[in-house]
Amino acid sequence: MSSKRNHATESSNPKKKVRKALDVDIKMKIIKAYGNGKKVFEIARGERLSHATVLTIIKDKNRILEAVKGVIDIKSKILTKKRQGPIHEMEKLLMIWIEDQIQKRIPMSLLMIQMKAFSLFENLKEQQGEDYPKYFNASKG
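What you see is a predicted model, and the numbers here were worked out from it, not measured in a lab. (Residues numbered from 1 in each chain as written. Predicted model: local features only at pLDDT ≥ 70, side-chain atom pairs only at ≥ 80, totals over all residues. Heavy atoms only, no water.)

*Asks:* Explain the packing of helix α2 (residues 24–35) against helix α3 (residues 40–47) to me, please; I cannot follow it from the model alone.
*Replies:* Relative orientation of the contacting elements α2 and α3 amounts to 150 degrees, with a least axis distance of 10 Å. In terms of orientation, α2 lies roughly antiparallel with respect to α3. By crossing handedness, the relation of α2 to α3 is classed as right-handed. In contact with I26, K29, I30, A33 and Y34 of α2, α3 contributes V40, I43 and E47. (Axes fitted to C-alpha atoms, helices over the stretch in contact; angles between N-to-C directions. Helix = DSSP H or I, 4+ residues; strand = E, 2+ residues; numbered from the N terminus. Parallel < 35°, antiparallel > 145°, perpendicular 65-115°, else oblique. Left-handed = near helix turned anticlockwise from the far one by under 90°. Contact = heavy atoms within 4.5 Å.)

Here it is in structure tokens:
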């Protein structure tokens, strides 16, 4: 009486956990409820989320609140911070330069792109005439 399992059928159909992205509106609702004294498990049950998810949102409260100030669409699912100043302009100009090089079929190397990014940043920094405190280092990716 052997009770062997058929491992081929178990591994061929694994169940993937579906990851659910929460929009900023729900995150703000959770933060507000917690601020009003509601318990974590009550919030989790009401929103049909795990208590770990609710705790993570509460832990990241400051980052979420800071991001909400710059968010236009409250239904946004991704919190991003817009870059400003010479770095933002350099990224736009670098993309235009790269597209131009591709159209001209000029081969590019990583070092060539890094040097162009650095020179664009330095030129933009000089044009603005301000002491930009950030140091720019072209990364490898």
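Right, picking up where we left off after that structure.
*Asks:* Would you mind going over the environment of I98 with me for this structure?
*Replies:* Tracing the chain through its elements places I98 in helix α6 (residues 86–103). Residues I98 and I113, spaced 15 residues apart in sequence, show a C-alpha to C-alpha distance of 7.9 Å. In contact with I98, other than residues within four places in its own chain, are M108 and I113.

*Asks:* Sorry if this is basic, but what is going on with α6 here?
*Replies:* Residues that lie three or four places apart on an α-helix share one face, since the helix turns once every 3.6 residues. Along its 18 residues, α6 runs 26 Å from first to last C-alpha, staying within 8% of the 26 Å computed at 1.5 Å per residue. Listed as buried for α6 are P86, I87, M90, L94, W97, I98 and Q101. Each buried residue of α6 sits inside an arc of 100 degrees when the element is viewed along its axis, so together they form one side. Seen from the buried face of α6, the exposed residues on the opposite side, beyond 90 degrees, are I96 and Q103. Downstream of α6 by one or two residues, R105 has phi in the positive range, about 60 degrees. (Expected span 1.5 Å × (residues − 1). Buried < 20%, exposed > 50% of the residue type's maximum accessible area, 1.4 Å probe, protein only. Arc of directions from axis to C-beta.)

*Asks:* I'm lost on helix α4 (residues 51–59) in this one. Help?
*Replies:* Those residues of α4 that fall on the buried side of the exposure criterion are V54, I57 and I58. Projection of α4 onto a plane perpendicular to its axis shows the buried side chains occupying an angular sector of 100 degrees, all on one side.

*Asks:* Got a minute to help me understand the pattern of salt bridges in this structure?
*Replies:* Should their charged atoms come close, side chains of opposite charge can pair. Scanning all chains against the criterion turns up 4 salt bridges. The partner of K29 in a salt bridge is E47, and the shortest N-O contact between them spans 3.2 Å. Placement of the pair is K29 in helix α2 and E47 in helix α3, with a sequence separation of 18 residues. We note a salt bridge from D60 to R63, for which the minimum N-O separation is 3.7 Å. (Salt bridge = Lys/Arg side-chain N within 4 Å of Asp/Glu carboxyl O.)

*Asks:* Where do I start with the nonpolar core in this structure?
*Replies:* One broad trend across soluble globular proteins is that nonpolar side chains are buried collectively. The biggest cluster of nonpolar side chains holds 12 residues, and these are L22, I30, I31, A33, V40, I43, A44, L49, V54, I57, I58 and I64. Secondary structure elements with two or more residues in this core: α2, α3 and α4. Discounting chain neighbours no more than four positions away, the residues touching V54 are I30, V40, I43, A44 and L49. Judged by nonpolar contacts, the second largest core, of 11 residues, contains L94, A117, L124 and A138. (Core = buried A, V, L, I, M, F, W, Y, C linked by side-chain atoms within 4.5 Å.)

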